Amino acid sequence: NDKRWGPLSGRLLHTSFGKGWLYYMMLQEVDGHDQAAIVRLKIDALTGIHRARVNPVDGQVYATGLNGWNGHGRKGLSQGHVHRFRYTGKPARLLVDTKVHPNGIELKFNFPLDTGTATDPARYQLKQWNYQWTAGYGSKQYAPTSGKVGQEDVVITRVKLNADKNSVFLEIPDIRPVNQVKMNLNLSAADGVGFQELVYLTINKVPKP
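Residues numbered from 1 in each chain as written. Predicted model: local features only at pLDDT ≥ 70, side-chain atom pairs only at ≥ 80, totals over all residues. Heavy atoms only, no water.

1. Concerning the overall build of the protein
A count of helical and extended segments in the protein gives 1 helix and 14 strands. Relative to the compact-globule value of 17 Å for 209 residues, the protein shows a C-alpha radius of gyration of 18 Å, a close match. Each of the three principal axes of the protein carries a C-alpha extent, and together these read 45 × 45 × 35 Å. Put simply, the protein has 209 residues, and 40% of those count as buried. Counted over contacts in the protein with a minimum sequence separation of 6, partners at least 24 positions apart contribute 57%. Counting only carbon and sulfur atoms, one obtains 52% of the accessible surface of the protein, whose full area is about 11,900 Å². (Helix = DSSP H or I, 4+ residues; strand = E, 2+ residues; numbered from the N terminus. Rg over C-alpha atoms; globule rule 2.2 N^0.38 Å. Buried < 20%, exposed > 50% of the residue type's maximum accessible area, 1.4 Å probe, protein only. Contact = heavy atoms within 4.5 Å. Areas by Shrake-Rupley, 256 points an atom, 1.4 Å probe, with all protein chains shown as cover.)

2. Digging into the pairing of strand β5 (residues 61–66)
Residues of β5 alternate between two faces, with Val61, Ala63 and Gly65 buried on one and Tyr62, Thr64 and Leu66 left unburied on the opposite face. Inspection of the sheet shows strand β4 (residues 50–54) paired to β5 by 3 bridges, in the antiparallel sense. When the sheet's bridge partners are listed, histidine 50 is paired in β5 with threonine 64. Once β4 ends, the chain turns through 6 residues before running back antiparallel as β5, passing glycine 59 with a positive phi of about 75°. Direction of pairing for β5 relative to strand β6 (residues 80–85): antiparallel, over a ladder of 6 bridges. In the sheet register, valine 61 faces β6, and the bridge partner there is phenylalanine 85. (Pairing = 2+ DSSP bridges.)

Structure representation (structure tokens):
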């Protein structure tokens with residue numbers, strides 16, 4: 001919650017030991033069911049990170065980690081480090097909220113979008129899958145419709161841009177609860193600067209109309 005961490009102050013953070021990545025989360029509660037979307041900050045830590053803490057002296061985030069017992073992690077991770085993740089004070093263009101609705105997904109940004117790219121469904125590549133709960137470690141990915149191994153495409157019928165141009169609604173008529181939705185965004189800001197983002201979303205509950 002420290003304001004010195006800039007535009008992501010107040011966010012729930014998550015670390016990846018396997019990848020050496022730091023994420024921020026966007027939370028939603030639907031009828032008592034919690035769900036969230038997660039976005040990776042574009043920083044590659046030198047090792048697997050965990051046990052992140054906020055230092056009250058400088059308001060920044062520190063994390064420690066190592067590469068032992070990480071056989072399937074990102075290649076090239078070193079044996080151990082302490083990292084400081086700090087806000088540089090520079091402007092940051094961010095996806096700031098993700099919400100599931102009865103007939104689609106709403107995405108909010110902290111900057112205005114270019115109308116042409118924002119309203120083009122092809123600029124949003126969404127895939128979804130489920131996992132199987134077993135006694136084993138991990139799971140293959142299973143297409144929700146067929147139950148077969150693999151992912152399936154999420155069909156977006158229309159994209160609507162709000163009047164302020166900082167929010168879009170992806171119309172998805174057959175949206176459903178799934179373990180994982182992967183969203184690749186390839187957009188442009190109103191000033192023409194490109195914006196690409198990778199988002200992972202879990203849908204535990206779809207709100208009622």
